[in-house]
Number of protein chains: 2
Amino acid sequence: MWDMAEELKAMLVFAEHRYYGESLPFGANSFKDSTHLNFLTSEQALADFAKLIKHLKRTVPGAKNQPVIALGGSYGGMLAAWFRMKYPHMLVGALASSAPIWQFEDLVPCGVFMEIVTADFRKSGPNCSESIRRSWDAIRRLTSTGPGLHWLSEALRLCSPLTNSQDVEHLKDWITETWVNLAMVDYPYESNFLQPLPAWPIKVVCQYLKNPNVSDPQLLENIFQALNVYYNYSGQVKCLNMSETATRSLGSLGWSYQACTEMVMPFCTNGIDDMFEPHSWNLKEFSDDCFKQWGVRPRPSWITTMYGGKNISSHTNIIFSNGDLDPWSGGGVTENVTDTLVAITIPEGAHHLDLRANNAFDPTSVLLARSLEVRYMKQWIKNFYASLRKKH
Amino acid sequence: MWDMAEELKAMLVFAEHRYYGESLPFGANSFKDSTHLNFLTSEQALADFAKLIKHLKRTVPGAKNQPVIALGGSYGGMLAAWFRMKYPHMLVGALASSAPIWQFEDLVPCGVFMEIVTADFRKSGPNCSESIRRSWDAIRRLTSTGPGLHWLSEALRLCSPLTNSQDVEHLKDWITETWVNLAMVDYPYESNFLQPLPAWPIKVVCQYLKNPNVSDPQLLENIFQALNVYYNYSGQVKCLNMSETATRSLGSLGWSYQACTEMVMPFCTNGIDDMFEPHSWNLKEFSDDCFKQWGVRPRPSWITTMYGGKNISSHTNIIFSNGDLDPWSGGGVTENVTDTLVAITIPEGAHHLDLRANNAFDPTSVLLARSLEVRYMKQWIKNFYASLRKKH
């Protein structure tokens, strides 16, 4: 956005989603209970954007009657696409980058997300995904005794030692999330989105995971080196903290509530097409957890009812861009739906790489994607002015 | 719908709007206060329809994958149009009959509604609108004394006599609403929508209002005869009851709340282009009344923000039908917006005449309208199946 605003003579507006950042409708009580959280929905967020645009057009000199384009990445990309679908009178078009609008119900197989994570590791170094696949059983074997628990806590430099089997489950979840996050931020240059990281961080991680045919302790030492790339690129960290997977606050509390109400995304693994322990998607269990945490139960089919699922062909002027490295591309729109609902894929791209600032190490595919995106935007704007002229 | 369901092999579904009829989300408490009324919005009603359609498709044998068309008249027509706009994946099209989707903010002049009412009376008999126009001053003069109040109460056979100036204001509002209602139901045959009425009821009314140049008492005697057509077509009524203008419950309580929140429709009169006393639209006063009655204040620009106001050209497959006699046609779509957002006007039609059952006295214009409507529907269905075939 920063790189192309001037060329498009655009005003950039960053709208903060309600219940995130400083936009707390009930201040410190906003997350108190489901009564206060009741207004945290994607529909309400879209309505906020609609009111904001009206307000800006009314109050900002020169903004009246100007065309508006929505841009967003990830959940923000879903919102950008949905905003164009629901408020087409307010936008000339939308760029939805890495927006998994089909990661709902059974629109895509629940295993696709983890298969992409696995593929990223498979192609980033020899035996890399196989080493990770074998690590789960090694952890199980090592942690079956008290001394083993102690040894592993030391080997992984954990800030809080593992004391029971619940801790071991937590450990595996935390490691799993680490590999997922690495897949999302596998950028071609040093970056700092979820954590400060080197260029192509999975390649760096995989240098430690070349040999799966080693003893359990050796394998876990290697896993530690790999985790250390993600959690300690700076070299300043004294121990690894299992309570965190991302340094910056991306509002995980708000998202947890949204996942428990509208944004119900089924995920699963089978250990064959992916490198993880098999877990089927269990809505009942998920729902019970939501009820325990928030006092609400999910409405798993509401998003597809509201936003159309795969039946979106009556809408126009939305670009869906996805990086092939990004696990979220599995729930994204990666083929053109119509002439004006278009897909752009970026083979070397991770999570919304196209929305990041220009960088000398950008692969050609993302440069092409950005240039195509701008071309579409210019066309939308041109059509907007043409239809204005036709009216007068 | 009854007349053409068989030809279209259609299942007819009548969805009751929440907070109307028996669909009370909090039972007897539904209208208790604004907390309980908070879920009475057009958006929630549309969401109900979406869930209903999904449910029916899942549970009714043969309903799966069938095309759906929304039909509605008046507010129901607005909902039909808005449903197609917001949930295009659920409908192949919508028939919005007498749907005043532009009776908001300043999309149409606030006086147009009463001008159409006036035009109906003007063309239904010589001096008819002029007699009504003169009646307001006659009422004012007659009711300036105690004996005059008494006389007028008797002359109009009111169930409760007029006792003060507030009663006189109420009387004028009640008479005004009667003329409005007559304009809405000025059907070409005997009917019973708001009240049992003769064919072309305004013509019958106007037979009593041929001479505006009579004494005040004579003019009010004539007005009584005119009102009597509306309130006592059966001849069984002993006195006229100012607390009612329509016999059947159309849910006026729910509408009053909706008008005080989302459905803010500006109306005004000037006494020149219409036959009423001049009243400007006063949002402040309206808002204060809403706050007094419901504890809420209106959001007058929300409907246009949400549903696009006049910028609806990106939507498709909506028929807007309007009768020229219908005052609501003033806020309706009476010219084609695009090739697929089409307007049908019925010169001899009152409020959603096209949705009423076939009748031997139907004017040709409504027969043509219905036939055109069915032709559009068949085209939508045909296109639906054609695009299904293209997918497979």
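Above this text you will find the structure in question.
Residues numbered from 1 in each chain as written. Chains lettered and ligands numbered in written order. Predicted model: local features only at pLDDT ≥ 70, side-chain atom pairs only at ≥ 80, totals over all residues. Heavy atoms only, no water.

Colleague: Quick question: what am I supposed to make of the nonpolar core here?
Modeller: Nonpolar side chains tend to gather and get buried jointly when the protein is soluble and globular. One finds W82(A), F121(A), W179(A), W82(B), F121(B) and W179(B) to be the most contacted residues of the largest nonpolar core, which totals 206 residues. Beyond its immediate sequence surroundings of up to four residues, W82(B) is in contact with S42(B), L46(B), I101(B), F104(B), M263(B), I303(B) and Y307(B). (Core = buried A, V, L, I, M, F, W, Y, C linked by side-chain atoms within 4.5 Å. Buried < 20%, exposed > 50% of the residue type's maximum accessible area, 1.4 Å probe, protein only. Contact = heavy atoms within 4.5 Å.)

Colleague: Even after reading the chapter, I still don't get the interface of chain B and chain A, so can you show me in this structure?
Modeller: Interface size is commonly expressed as the accessible area that is lost once the parts come together. In this assembly, 21 residues from chain B lie in contact with 21 residues from chain A. For the pair chain B and chain A, the summed buried area comes to about 1700 Å², and 54% of that belongs to carbon and sulfur atoms. Contact with chain A buries surface across chain B, with K86(B), H89(B) and T305(B) losing the most and accounting together for 30% of the total. Put simply, chain B and chain A have two salt bridges between them. (Buried area = accessible area lost by both parts, 1.4 Å probe. Salt bridge = Lys/Arg side-chain N within 4 Å of Asp/Glu carboxyl O.)

Colleague: Can you help me understand the pattern of salt bridges in this one?
Modeller: Think of it this way: side chains of opposite charge can pair up when their charged atoms draw near. All chains considered together, the criterion is met by 24 salt bridges over all chains. We note a salt bridge from D216(A) to R141(A), for which the minimum N-O separation is 2.8 Å. Taken as a pair, D216(A) in helix 10 (residues 216-231) and R141(A) in helix 6 (residues 128-142) lie far apart in primary sequence, 75 residues in all. For E7(B), the salt bridge goes to K378(B), with nearest N and O atoms at 2.5 Å. Of the two residues, E7(B) is situated in the loop between helix 1 (2-5) and helix 2 (34-37) and K378(B) in helix 14 (residues 364-391); the sequence distance between them amounts to 371 residues. Among the residues examined, K378(B) registers a relative accessible area of 39% and is labelled partly exposed. (Helix = DSSP H or I, 4+ residues; strand = E, 2+ residues; numbered from the N terminus.)

Colleague: Would you mind showing me how to read the packing of helix 6 (residues 128-142) of chain B against helix 8 (residues 165-184) of chain B here?
Modeller: For any two helices packed against each other, the geometry comes down to the angle between their axes and how far apart the axes lie. Residues and elements named next belong to chain B. Helix 8 packs onto helix 6 with a crossing angle of 170° between their chain directions and a minimal axis gap of 11 Å. Compared by their axis directions, helix 6 and helix 8 come out roughly antiparallel. Two secondary-structure elements touch here, helix 6 through I132, W136 and I139 and helix 8 through V168, L171, K172, I175, T176 and W179. (Axes fitted to C-alpha atoms, helices over the stretch in contact; angles between N-to-C directions. Parallel < 35°, antiparallel > 145°, perpendicular 65-115°, else oblique.)

Colleague: How do you make sense of the relation of the copies chain B and chain A when you look at a structure like this?
Modeller: Each of the two chain copies goes to the other by way of a rotation about an axis and a shift along it. Superposition record for chain B on chain A: RMSD 0.1 Å, screw rotation 180°, translation along axis 0.0 Å. Look at the turn and shift together and you get a two-fold axis relating the two. No C-alpha of chain B lies nearer the rotation axis than that of K86(B), which sits 2.9 Å from it. Most of the interface of chain B is mirrored in chain A, where 100% of its interface residues again form contacts. (Least-squares fit on C-alpha atoms with pLDDT ≥ 70 in both.)

Colleague: When you look at the state of the cysteines in this model, what are you seeing that I'm missing?
Modeller: Covalent bonding between the sulfur atoms of two cysteines defines a disulfide. All names here are of chain A. A complete count under the given rule lists eight disulfides over all chains for this structure. A sulfur-sulfur separation of 2.0 Å characterises the disulfide bridge that pairs C110 with C268. Here the disulfide of C110 and C268 is right-handed, its torsion about the S-S bond being about 90°. One end of the pair, C110, is in the loop between strand 2 (93-97) and helix 5 (112-122); the other, C268, is in the loop between helix 11 (252-259) and helix 12 (283-294), and 158 residues separate them in sequence. (Disulfide = S-S within 2.5 Å.)

Colleague: So what exactly am I meant to see when it comes to the sheet that holds strand 5 (residues 318-323) of chain B here?
Modeller: Note: strands within a sheet are paired through backbone hydrogen bonds, in either parallel or antiparallel orientation. Residue and element names in this part refer to chain B. Spatially, four strands are ordered 1-2-5-6 in an open sheet, and the strand pairing comes out parallel. The open sheet terminates on both sides in strands that have one partner only, identified here as strand 1 (69-73) and strand 6 (341-346). Averaged over all pairs of adjacent strands, the angle between their axes in this sheet comes to 15°, without regard to strand direction. Alignment of strand 1 against strand 2 (residues 93-97), held across five bridges, turns out to be parallel. The partner of A70 across the bridge, within strand 2, is A94. Packing of helix 14 onto the sheet brings it into contact with strand 1, strand 2, strand 5 and strand 6, and relative to strand 6 it is tilted by some 160°. (Pairing = 2+ DSSP bridges.)

Colleague: I'm lost on the packing of aromatic side chains in this one. Help?
Modeller: Centre distance and the angle of the planes are the two values used to describe a pair of aromatic rings. Using the criterion set out here, one finds 40 aromatic pairs over all chains in the structure. Ring geometry for F83(A) and Y87(A): centres 5.1 Å apart, planes at 45°, overall tilted. We note that F83(A), like Y87(A), is buried. Here F113(B) and W328(B) contribute two aromatic rings whose centre-to-centre distance is 4.7 Å and whose plane-to-plane angle is 70°, an arrangement assigned as edge-to-face. Here F113(B) is found in helix 5 (residues 112-122), whereas its partner W328(B) is found in the loop between strand 5 and strand 6, with 215 residues between them in sequence. Neither residue differs from the other here; F113(B) and W328(B) are each classed as buried. One aromatic cluster in this structure is built from Y19(A), F31(A), Y257(A) and W294(A). Here K86(A) stacks its cationic end above the ring of Y87(B), 4.2 Å away from the centre of that ring. The ring of W102(A) has K310(A) sitting right over it, with the charged end atom 4.6 Å from the ring centre. (Phe/Tyr/Trp six-rings, centres within 6.5 Å; stacked < 30°, edge-to-face > 60°. Lys NZ or Arg CZ within 6 Å of the ring centre and 35° of its normal.)

Colleague: Help me understand the sheet that holds strand 1 (residues 69-73) of chain A, please; the structure alone is not making it clear to me.
Modeller: Residue and element names in this part refer to chain A. What the four strands build is an open sheet, ordered 1-2-5-6; its pairing is parallel. Among the strands making up the open sheet, the edge pair consists of strand 1 and strand 6 (341-346). This sheet shows a mean twist of 15° between the axes of neighbouring strands, independent of strand direction. Inspection of the sheet shows strand 2 paired to strand 5 (residues 318-323) by four bridges, in the parallel sense. If you follow L95 over to strand 5, its bridge partner there is I319. With respect to the sheet, helix 4 (residues 75-86) is in contact with strand 1, strand 2 and strand 5, its orientation differing from that of strand 1 by roughly 150°. Sheet strands touched by helix 14 (residues 364-391): strand 1, strand 2, strand 5 and strand 6. Its angle to strand 6, the strand with the most contacts, is close to 160°.

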